[in-house]
Amino acid sequence: MDEPRDEATRRKRSKRRAPPGSAPGTLIVDPGAPNPILTFLAYGPEGVREEKPADLAGIGALRQALAEFPVLWLDVAGLGDVHEIQAVGDAFGLHRLALEDVVNVHQRPKVEVYGDHHFIVARSVGRSAPLETEQVALFLGHGFVVTFREQAGGGFDLVRERIRSEKGVIRSSGPDYLVYALLDAVIDGYFPALEKLGERLETLEDEIVLAPRRDSLRRVHEIKRDLLALRRAVWPQREALNFLLREGESVIRKETRIYLNDCYDHTVQLMDLVETYREIASGLMEIYLSSMSHRLNEVMKVLTLIATIFMPLSFLAGLYGMNFDRASPWNLPELSWRYGYPACLLAMAAISLLLLAWFRRKGWIGSSPERRRPR
């Protein structure tokens, strides 16, 4: 059963923006956002070191202490404290305009270049109902990667576990490969969501074709809204990856570009799935409306046939119900006949049967004449 739409949750997740006329780089966070959880992960072919800063002053100190590792990854999960976000920006020299986009989580996927580091915005599939996307911001610089997420969890934990267990080539690669791994985790998260939407579409298709219900149209509309949210996230994400492949030669090595191109192919595949499911959902809405119209036509046909059958019967009953006196030779002779009443009933029954046989011969009820013809 689909979860109902929660308008209170939708209002709660409304995006906060700086007031018009504010200075560029103004940081305004959502007071309902969770407090940031900072995790340093420094690694290289020789080993891994994981640290958490004790206070704001420890952010810059830890960066200096972990500078001996080839790759330094700082993950910030939660955007509820503007001072910690500003401290991270000061420690890594992140541009204030980029930090403003970090806390304003309504950004579309994009890639921007700020001097010696690249700013990448992606959107991951949310875990709330209705389906919404969450912003993931990444900073790629020389020897470091900084990520900002709206909340903890998701596919980043799997990437962190790959680094700890030295699975694949991630430990022997640079920060550009880490960015690829994180983007790949974000994009791969769309496939399970699309699989669930596909299963819901199949269930609705069988239901609408066989026995449409009153809430079927509402559920199809909900799926279309979810697909629209995914399309708004995947379409610009594809363009951002394309820009990173074309313009990111200074920070993306040739070896990593092969993997990043595979990530781009996944976004193209996602777009194909989203567009296909949107067409199926639109077709289901048309099928539902056609089914309801067909059912209404069937009901009207039955009522019309019943009314048509009773028209001659009502005429006979009204004719014999006038009960004129027998003095006139023009009056009904059957009024004084002993079997007049049974004969009238038999005549009515015969008329009904003849009408039913004629309707069936015309194909208005039962199987049509064309279907009864032998091949």
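Just above sits the structure.
The rules we used
Counting of residues starts from 1 at the beginning of each chain's written sequence and follows it residue by residue. A pLDDT threshold of at least 70 governs which residues receive local features in this predicted model, and a stricter bar of 80 or more applies before side-chain atom pairs are shown or counted, although totals over entire chains, interfaces and linings include all residues. Calculated side-chain values reflect all of the structure's heavy atoms, with hydrogen atoms and water omitted. Throughout, exposure labels follow a simple rule: accessible area from a 1.4 Å probe, protein chains only, divided by the maximum for the residue type, with under 20% read as buried, over 50% as exposed, and the rest as partly exposed. A run of H or I in DSSP counts as a helix once it spans at least four residues, and a run of E counts as a strand once it spans at least two, with each numbered from the N terminus. Think of it as the arc spanned by the lines of direction from the helix axis to the C-beta atoms. Here a residue-residue contact requires only that any non-hydrogen atoms of the pair lie within 4.5 Å. Note on terminology: a nonpolar core comprises buried Ala, Val, Leu, Ile, Met, Phe, Trp, Tyr and Cys residues joined through side-chain atoms within 4.5 Å. Any two strands between which DSSP finds at least two bridges are classified as paired. Note on geometry: axes are lines fitted to C-alpha atoms, helical ones only across the stretch in contact, with angles between N-to-C directions running from 0 to 180 degrees. Here a polar contact is recorded for every N or O atom pair within 3.5 Å, except that within protein the pair must consist of a potential hydrogen donor and a potential acceptor, and residues adjacent in sequence are included only if both atoms are side-chain atoms.

A. Fine view of helix α2 (residues 57-65). Every buried residue of α2 is listed here: Gly58, Ile59 and Leu62. Along the axis of α2, the buried residues cluster in a sector spanning 110 degrees; they form a single face. Facing away from the buried side of α2, by more than 90 degrees, are the exposed residues Ala57 and Gln64. The inward-facing, buried residues of α2 abut β1 (37-43), β2 (48-51) and α3 (82-92).

B. Fine view of the nonpolar core. Counting 55 residues, the largest nonpolar core has Leu178 and Leu183 as the members making the most contacts within it. Looking at this core element by element, the count peaks at 10 residues for helix α8 (residues 216-247). Setting aside its immediate chain neighbours within four residues, Leu183 contacts Ile120, Ala122, Leu138, Leu241, Leu244, Leu260 and Cys263.

C. Spatial organisation of helix α5 (residues 156-165). Burial in α5 covers these residues: Phe156, Val159, Arg160 and Ile163. Angular distribution of buried residues about the axis of α5 spans 100 degrees; they occupy a single face of the element. On the buried face of α5, the contacting elements are β1, β2, β3 (71-77), β6 (133-141), β7 (144-149) and α6 (175-188). Positive backbone phi, approximately 60 degrees, marks Glu166, located one or two places after α5.

D. Highlighting the sheet that holds β3. Spatial strand order, β2-β1-β3-β7-β6-β5-β4: 7 strands in an open sheet with mixed pairing. Looking at the sheet topology across the chains shown, the edges are occupied by β2 and β4 (110-114). Taken pair by pair, the neighbouring strands of this sheet meet at an average axis angle of 15 degrees, ignoring direction. Of the pairings in the sheet, the one linking β6 to β7 comprises 6 bridges and is antiparallel in character. Note on β7: the bridge partner recorded for Leu140 is Val145.

E. Just the side chain of Gln107, in detail. Residue placement: Gln107 occurs in the loop between α4 (96-103) and β4. At a separation of 3.4 Å, a polar atom in the side chain of Gln107 contacts the side chain of Lys110. Excluding residues that lie within four positions of it along the chain, Gln107 makes contacts with Asp101, Val121, Arg123 and Gln135.

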